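Okay, here's what each chain looks like letter by letter:
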Amino acid sequence: MAFTFTNSYLQGVYEDVCKKNAHEPEFLQAVGEVLESLQPVVEQNQRLAKSGVIDRIVEPERSLLFRISWVDDHGRVQVNRGYRVQFSTAIGPSKGGLRFHPSVNLSIIKFLGFEQVFKNSLTGLPMGGGKGGADFDPKGKSDNEVMRFCQSFMTELQRHIGPDTDVPAGDIGVGAREIGYLFGQYKRIRNEFNGVLTGKGLSYGGSLARTEATGYGLCYFADEMLKAAGKSFQGQSVVISGSGNVAIYANQKATELGGKVIAMSDSNGYIVDENGIDYKVIQEIKEVKRARIKTYLDYVPTAKYFEGCQGIWTVPCGIALPCATQNEVHMEDVENLVKNGCKILAEGANMPTTLEATEYVQEHGIVFFPGKAANAGGVATSGLEMSQNSERLSWTFEEVDAKLKGIMVSIFHAIDDAAKRYGHEGNYVMGANIAGFEKVANAMMAQGIV
Ligand code: NDP
Ligand code: 2IT
């Protein structure tokens, strides 16, 4: 993979990571990008190498791999593979989502867990990083099948998690329904009602605004950057890939801020509606009916549907918000975005832009915000849910939303400041990696070699 190391310590660590994890391309991509960014930091601080901070930060504290057996509606035995990687507890309990998708493997869970360490640090809240999930596909399964799967998954996972140990939440394929079933099984086995999961329903300890938080946070973040440049969402056309939790609420907030969301997608295809896509229609299709985005045409016959999700990046826009999955934005996509005058690319998903596409946009005048900063609003609000659970109180929507906004604004300034401090103004990849790393590294050095 194309990383340039001038620092021999970091190069050595990266080569070692490549040897040990040779079959984990997504993990190597995430690690390489962070280590490359940290070169100026390591050069200014010899203690980092001496205390082996980087050697340690690239190795998860604990990786769990387990069998999940369950019985489908036809009485057939099904077996899936479950994962939980507790990457770092340097600054707080391990924290991060669970992904249920057939593509899930150890490489994907490790890349997500690694990124989560830096993202959670950026929120300013006391949360370490982790991730988990299973190669289970909730699509086409009945509610009862999803429930039995979640119960079997939690029967194993419950031994390894807890409100002060590791606190999972949602991600792709894990939403309110799954968190409900997971929480029910945890409580049944452990006989404890606590904040072991976030993204819970409002009637049993969930936080207001958690559902909306990632999408809202993404737009608060982009809006802060636009303000700093004397601009706004007003009158801008916005393209959002995906049509799940992050995409739906990014649409709502971008529209509220004056933008017009003209295209959205799912893994089968994308819709274009030049009049602006109403997020409530997507919410109905995806959250209530669990249907395909194609059915948008039943609600808005004047819209257009195109088969295949990749073409969405040919739709001209000022702001691009990839909110589906990793490595969904390739070189030809960013070439189209640049050609069509796109000015901002902010990642709602985790690592949606390939390495070469990231370099291309940065070199061609698009302001680029990496997911570990731009989509941190979800986990930040999970942190606020943990605080509410600990004090056994519920805050109002307005209170949580105001805190979320404050956190996103401060993340923007923290990464902007870190990039400037190291002489790379405007490079928000470096800014996010450095600002996220500093606090974790300090905590690791203070706690000795563990
Ligand atoms: P959802 O399951 O709610 O939605 C995922 C969306 O992305 C769906 O539209 C799905 O289409 C599409 N998608 C998923 N996988 C693929 C794929 N391989 N190819 C094409 N499209 C795909 O997930 P979320 O909205 O929660 O998550 C979206 C992204 O945001 C992920 O990268 C996640 O890690 C990240 N994220 C999520 C946070 C959260 O709080 N939920 C917080 C921060 C980041 P289809 O229905 O056809 O599968
Ligand atoms: O990628 C992410 O930050 C999430 N899926 C949310 C994690 C969380 O613990 O809320």
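The notes below deal with the structure included here. (Residues numbered from 1 in each chain as written. Chains lettered and ligands numbered in written order. Predicted model: local features only at pLDDT ≥ 70, side-chain atom pairs only at ≥ 80, totals over all residues. Heavy atoms only, no water.)

We now examine the sheet that holds strand S1 (residues 62–71). The five strands lie next to each other as S1-S2-S4-S3-S5, forming an open sheet whose pairing is mixed. Here the strands that pair on one side only, and so sit at the sheet edges, are S1 and strand S5 (166–169). The sheet shows a mean angle of 20 degrees between the axes of neighbouring strands, direction not considered. Judged from the six bridges that link them, strand S2 (residues 77–88) and strand S4 (residues 129–134) form a sheet pairing that is antiparallel. Note on S4: the bridge partner recorded for Arg 84 is Gly 132. (Pairing = 2+ DSSP bridges. Helix = DSSP H or I, 4+ residues; strand = E, 2+ residues; numbered from the N terminus. Axes fitted to C-alpha atoms, helices over the stretch in contact; angles between N-to-C directions.)

Right, let's get into the environment of Lys 294. Its location among the elements puts Lys 294 in the loop between helix H11 (279–288) and helix H12 (296–299). A relative accessible area of 46% places Lys 294 in the partly exposed class. As a C-alpha pair, Lys 294 and Gly 259 span 35 residues in sequence and 23 Å in three-dimensional space. When neighbours within four sequence positions are excluded, Lys 294 is seen to be in contact with Tyr 305 and Glu 307. (Buried < 20%, exposed > 50% of the residue type's maximum accessible area, 1.4 Å probe, protein only. Contact = heavy atoms within 4.5 Å.)

As a further point, take the site of ligand 1. Surrounding ligand 1, one finds 25 residues, the nearest of these being Lys 139, Asp 171, Ser 267, Arg 292 and Asn 350. Between an oxygen atom of ligand 1 and a side-chain N or O atom of Arg 99, the distance comes to 3.0 Å. The contact in question runs from an oxygen atom of ligand 1 to an N or O atom on the backbone of Asn 245, over 2.9 Å. Taken by itself ligand 1 offers 890 Å² of open surface, and the protein chains cover 85% of this. Every element with two or more residues in the shell around ligand 1 is listed here: helix H9 (210–228) and helix H10 (245–256). Split by residue class, the shell around ligand 1 holds five nonpolar, 13 polar and seven charged. (Near = heavy atom within 4 Å. Polar contact = N/O pair within 3.5 Å; in protein donor to acceptor, adjacent residues only side chain to side chain. Areas by Shrake-Rupley, 256 points an atom, 1.4 Å probe, with all protein chains shown as cover. Nonpolar A, V, L, I, M, F, W, Y, C, P; charged D, E, K, R; others polar.)

Enumeration according to the criterion identifies 24 aromatic pairs in this entry. Geometrically, the ring pair formed by Phe 27 and Phe 87 is tilted, given 6.0 Å between the ring centres and 45 degrees between the ring planes. Taken as a pair, Phe 27 in helix H2 (residues 25–37) and Phe 87 in strand S2 lie far apart in primary sequence, 60 residues in all. Accessibility classification places Phe 27 together with Phe 87 in one group, the buried group. (Phe/Tyr/Trp six-rings, centres within 6.5 Å; stacked < 30°, edge-to-face > 60°.)

What follows is about the pattern of salt bridges. One pass over the full model with this rule turns up 22 salt bridges. For Asp 417, the salt bridge identified is with Arg 421, shortest N-O distance 3.2 Å. Of this pair, Asp 417 and Arg 421 both sit in helix H17 (residues 397–421), four residues apart, which is roughly one turn of that helix. Relative accessible area serves as the criterion here: at 39%, Asp 417 is assigned to the partly exposed category. Salt bridges linked by common partners bring Glu 33, Glu 115 and Lys 372 together as one network. (Salt bridge = Lys/Arg side-chain N within 4 Å of Asp/Glu carboxyl O.)

Along any regular strand the residues' side chains alternate between the sheet's two faces. Buried residues dominate strand S7 (residues 260–265), accounting for five of its six residues. The pairing of strand S6 (residues 237–241) with S7 spans three bridges and is classified as parallel. Its bridge partner being in S7, Ser 237 is matched across the sheet by Lys 260. Viewed along the sheet, the connection from S6 through H10 into S7 turns out right-handed. (Right-handed = clockwise from strand over helix to strand, strands pointing away.)

A few words now on the site of ligand 2. Surveying the vicinity of ligand 2 reveals 14 residues, the closest of which are Lys 95, Gln 116, Lys 119, Asp 171 and Ser 382. Here a nitrogen atom of ligand 2 sits 3.1 Å away from a polar atom, N or O, in the main chain of Gly 170. The residue inventory of the shell around ligand 2, partitioned by class, reads two nonpolar, seven polar and five charged.

Let us look at the sheet that holds S7. Spatial strand order, S9-S8-S7-S6-S10-S11-S12: seven strands in an open sheet with mixed pairing. In this open sheet, the two edge strands, each paired with only one partner strand, are strand S9 (304–307) and strand S12 (367–369). When strand polarity is set aside, the average angle formed by the axes of neighbouring strands in this sheet is 15 degrees. As paired strands, S6 and strand S10 (residues 319–322) are joined by four bridges and run parallel to one another. Bridging across to S10, Ser 241 finds its partner in Pro 322.

Quick look at the packing of helix H1 (residues 8–20) against H2 now. As a packed pair, H1 and H2 sit with axes 11 Å apart at the nearest point and diverge in direction by 175 degrees. When the interaxial angle is binned, H1 and H2 end up roughly antiparallel. On H2, the residues touching Leu 10, Val 13, Tyr 14, Val 17 and Cys 18 of H1 are Phe 27, Leu 28, Val 31, Gly 32 and Leu 35. Split into classes, the residues belonging to the contact of H1 with H2 amount to nine nonpolar, one polar and no charged. (Parallel < 35°, antiparallel > 145°, perpendicular 65-115°, else oblique.)

With that settled, the discussion passes to empty space enclosed by the protein. Here the structure, examined in full by the defined rule, presents two cavities of 30 Å³ or more. Within this model, the largest cavity holds a volume of roughly 110 Å³. Together, 14 residues line the largest cavity, and Glu 33, Glu 347, Met 351, Thr 353 and Thr 358 are the ones closest to its centre. Elements that contribute at least two residues to the lining of the largest cavity include exactly H2, helix H14 (355–363) and helix H15 (371–374). Across the lining of the largest cavity, the residue classes tally to five nonpolar, five polar and four charged. As a volume, the second largest cavity reaches approximately 40 Å³. Every residue along the wall of the second largest cavity is listed here: Tyr 220, Asp 223, Glu 224, Lys 227, Lys 405 and Val 409. (1 Å grid on protein atoms, 1.4 Å probe; cavity = no way out; pocket = protein on both sides within 12 Å on 5 of 7 lines; lining within 4 Å. Points joined across faces, edges and corners; volume = space filled by probe spheres on them.)

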